[in-house]
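Survey of secondary and tertiary structure
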Amino acid sequence: MTGDAASQAARATPFDALPRTELPAWQALAAHAHGLRGTTLRDLFQADADRGTRLTAEACGLYFDYAKQRLTDETKQLLVQLARSSGVAERAEAMFRGERINVTERRAVLHVALRAPKSHKIFFDGHDVVPDVHAVLEAMAVCAEHVREGRWLGHTGKPIRAVVNIGIGGSDLGPVMACQALRHVSERSLTLRFVSNVDGTDFSEAVSDLNPEETLFIVSSKTFTTQETMANAGSARAWVLKVFGDEAAIARHFVAVSTNADAVAAFGIDTANMFGFWDWVGGRYSMDSAIGLSTMIAIGPEAFGELLAGFHAMDEHFRSAPFEENLPVLMGLLAVWNTTFLGSRTIAVLPYDQYLARFPAYLQQLTMESCGKRVTLAGDAIDPGTAGGYTTGPIYWGEPGTNGQHSFYQLIHQGTEVIPCDFIAFAKSLNPLGRHHDLLMANVFAQAEALAFGKSAEELVAEGCADWLIPHRTFPGNRPSSTILAEQLTPRLLGSLVALYEHAVFVQGAIWNINCFDQWGVELGKQLAGRIVPELESQDAPALSHDSSTNALIRRYRLMRG
Ligand code: G6Q
């Protein structure tokens with residue numbers, strides 16, 4: 001064993017070595033899934049009057065109804081056994097204890113520390129990180145209040161009125177989602193913009209109507225080396241300097257969020273205006289770290305504190321609730337059940353709340369970057385085609401309801417794919433307007449009902465449907481969904497909702513025995529483009545050594561660009 005392998009083995013939990021397909025619970029579930037094939041949701045509901053209230057769980061203001069999932073009490077029992085024998089609880093404890101469970105990057109995974117109250121202690125390498133977290137939160141609050149109250153003055157003495165977050169991936173998607181979700185509690189006199197794409201259109205459009213004298217850029221990048229972010233930050237710098245012609249303006253118009261103080265200083269941003277975080281915060285788990293500075297500026301430190309409290313409440317629930325009533329455990333198990341045992345390849349997330357329009361995009365990164373893995377923690381292949389293999393991370397996607405109903409829901413109702421859905425809805429509208437909210441809610445309930453029970457040929461005959469139309473108008477039903485119902489979309493509720501999905505992903509990762517916390521595919525993308533850039537920028541036609549298709553595309557681009 002090499003030194004590396006030995007130290008990894010020493011860190012691993014006893015569960016990492018267990019081939020999942022050999023677990024009795026796994027095998028029982030495979031047989032059970034086979035046995036359930038002929039049973040429909042109609043059958044299950046007809047046989048069991050309590051199903052709709054029994055197969056539910058509730059925590060942190062979230063009511064989770066999974067009665068319309070294709071499962072029985074026995075399925076649930078077996079899934080819980082699978083979670084136990086896969087070491088979900090032990091792995092979660094290792095995370096909370098600050099162990100380096102991200103073995104390929106040798107990092108701890110401590111996003112739970114970002115929302116721990118001051119009174120808590122969470123240790124990493126013998127050091128309590130909670131005071132560090134709160135010190136950064138306090139510094140962020142000072143900055144946020146200055147901007148919100150018009151006390152942060154630009155180079156010419158005018159108060160900042162527009163904030164532009166420059167970042168990508170985990171340094172963008174969380175704040176974009178949260179700022180939109182919490183717009184109802186945000187400071188409306190401030191303009192919030194987000195620039196992520198290296199496409200110059202993104203930057204140009206974002207600043208086109210802004211006044212540089214009143215604009216503050218937040219350069220958000222954990223590494224402060226990401227090509228897209230550095231290119232956009234460079235353009236922002238040039239945009240500011242073009243107006244002021246004075247380097248001193250940078251300090252008034254730029255702050256940074258990063259773990260890399262040297263690179264921040266080299267860029268010209270005063271490190272006094274840098275808000276730090278730590279390598280134990282993964283990008284996609286960072287919206288409640290300093291990466292959330294734009295969110296805090298928008299909603300204020302108090303509401304940001306509420307958001308963190310919501311995250312923390314779900315952390316505590318995940319850590320302490322019995323698996324049978326544990327929302328993240330149940331949600332994670334359902335994803336495993338639908339994906340690995342019932343063969344669904346995608347999960348649709350359908351928020352019936354316009355404020356959550358970017359929630360599916362945010363979740364795509366959280367879920368797919370985390371569970372898009374094809375080897376176990378020990379490096380063994382688990383492609384479904386290999387011995388002992390199985391399907392991991394499903395594709396997450398979605399759009400807010402009711403809009404989706406007028407486009408892709410057709411396929412969910414009558415296509416050949418079975419797509420489990422997560423419906424998310426709120427009892428109280430943040431913008432009550434006539435009948436609108438009841439109409440919205442009627443749609444969410446009706447969709448879940450129609451997907452589960454469909455419409456049979458007999459029902460169509462009874463309605464007088466012409467014979468030849470019956471196959472077209474029949475809805476098979478038996479299409480699974482869960483519904484998450486909460487009272488109102490508050491900052492606290494949003495925190496709990498995000499933490500619910502974060503921990504559900506953790507549960508999936510533990511069961512699939514994969515590393516949910518690395519992202520080598522993303523790293524690859526960062527390197528590949530870097531290799532081609534000089535070939536595009538060089539004045540002479542460079543020798544190209546890619547495949548013939550890439551070579552031809554590069555040549556054609558150079559030609560077309562002129
Ligand atoms: C997230 C990923 C990735 C990352 C971006 C931005 O988990 O690591 O999406 O957030 O690539 O990276 P920087 O914050 O380092 O610019």
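See the structure above.
Just so it is clear, the structure is predicted and the values come from calculations on it, not from any experiment.

Okay, the packing of aromatic side chains next. A complete count under the given rule lists 19 aromatic pairs for this structure. On the basis of an interplanar angle of 25° and a centroid distance of 6.3 Å, the ring pair of Phe 203 and Phe 217 is categorised as stacked. Of this pair, Phe 203 sits in helix 9 (residues 200-207) while Phe 217 sits in strand 7 (residues 215-220), placing them 14 residues apart in sequence. Comparing Phe 203 with Phe 217 shows no difference in burial state: the two are buried. Among the aromatic residues, ring-to-ring pairing joins Phe 203, Phe 217, Phe 224, Trp 239, Phe 254 and Phe 267 into one connected group. Directly above the ring of Phe 45 sits Arg 51, whose terminal nitrogen or CZ lies 5.2 Å from the centroid. The ring of Phe 267 carries Arg 237 above its face, with NZ or CZ at 5.5 Å from the centroid.

For the rest of this paragraph, the subject is the packing of helix 6 (residues 88-96) against helix 14 (residues 301-320). Close contact between helix 6 and helix 14 brings their axes to 10 Å; oriented N to C, the two are set at 140°. One finds that helix 6 runs oblique with respect to helix 14. Side by side, helix 6 and helix 14 meet where Ala 92, Glu 93, Met 95 and Phe 96 of the first sit next to Asp 315, Phe 318 and Arg 319 of the second. When its residues are assigned to classes, the contact of helix 6 with helix 14 shows 4 nonpolar, no polar and 3 charged.

Attention now goes to the site of the ligand. In the vicinity of the ligand lie 14 residues, with Ser 171, Ser 221, Thr 223, Thr 226 and Gln 365 positioned nearest. A distance of 2.9 Å separates an oxygen atom of the ligand from a polar backbone atom of Gly 170. Side-chain polar atom of Thr 226 to an oxygen atom of the ligand: 2.6 Å apart, as the coordinates give it. Burial of the ligand by the protein chains amounts to 92% of its free accessible area of 400 Å². Of the residues in the shell around the ligand, the class split is 1 nonpolar, 9 polar and 4 charged.

Right, let's talk about the environment of Phe 267 for a bit. Residue position: Phe 267 is located in helix 12 (residues 261-267). Between the C-alpha atom of Phe 267 and that of Val 207, which follows or precedes it by 60 residues, the distance is 20 Å. When sequence neighbours within four positions are dropped, the list of residues in contact with Phe 267 reads Phe 224, Ala 233, Gly 234, Arg 237 and Phe 254.

The rules behind the values
Residues numbered from 1 in each chain as written. Predicted model: local features only at pLDDT ≥ 70, side-chain atom pairs only at ≥ 80, totals over all residues. Heavy atoms only, no water. Phe/Tyr/Trp six-rings, centres within 6.5 Å; stacked < 30°, edge-to-face > 60°. Helix = DSSP H or I, 4+ residues; strand = E, 2+ residues; numbered from the N terminus. Buried < 20%, exposed > 50% of the residue type's maximum accessible area, 1.4 Å probe, protein only. Lys NZ or Arg CZ within 6 Å of the ring centre and 35° of its normal. Axes fitted to C-alpha atoms, helices over the stretch in contact; angles between N-to-C directions. Parallel < 35°, antiparallel > 145°, perpendicular 65-115°, else oblique. Contact = heavy atoms within 4.5 Å. Nonpolar A, V, L, I, M, F, W, Y, C, P; charged D, E, K, R; others polar. Near = heavy atom within 4 Å. Polar contact = N/O pair within 3.5 Å; in protein donor to acceptor, adjacent residues only side chain to side chain. Areas by Shrake-Rupley, 256 points an atom, 1.4 Å probe, with all protein chains shown as cover.

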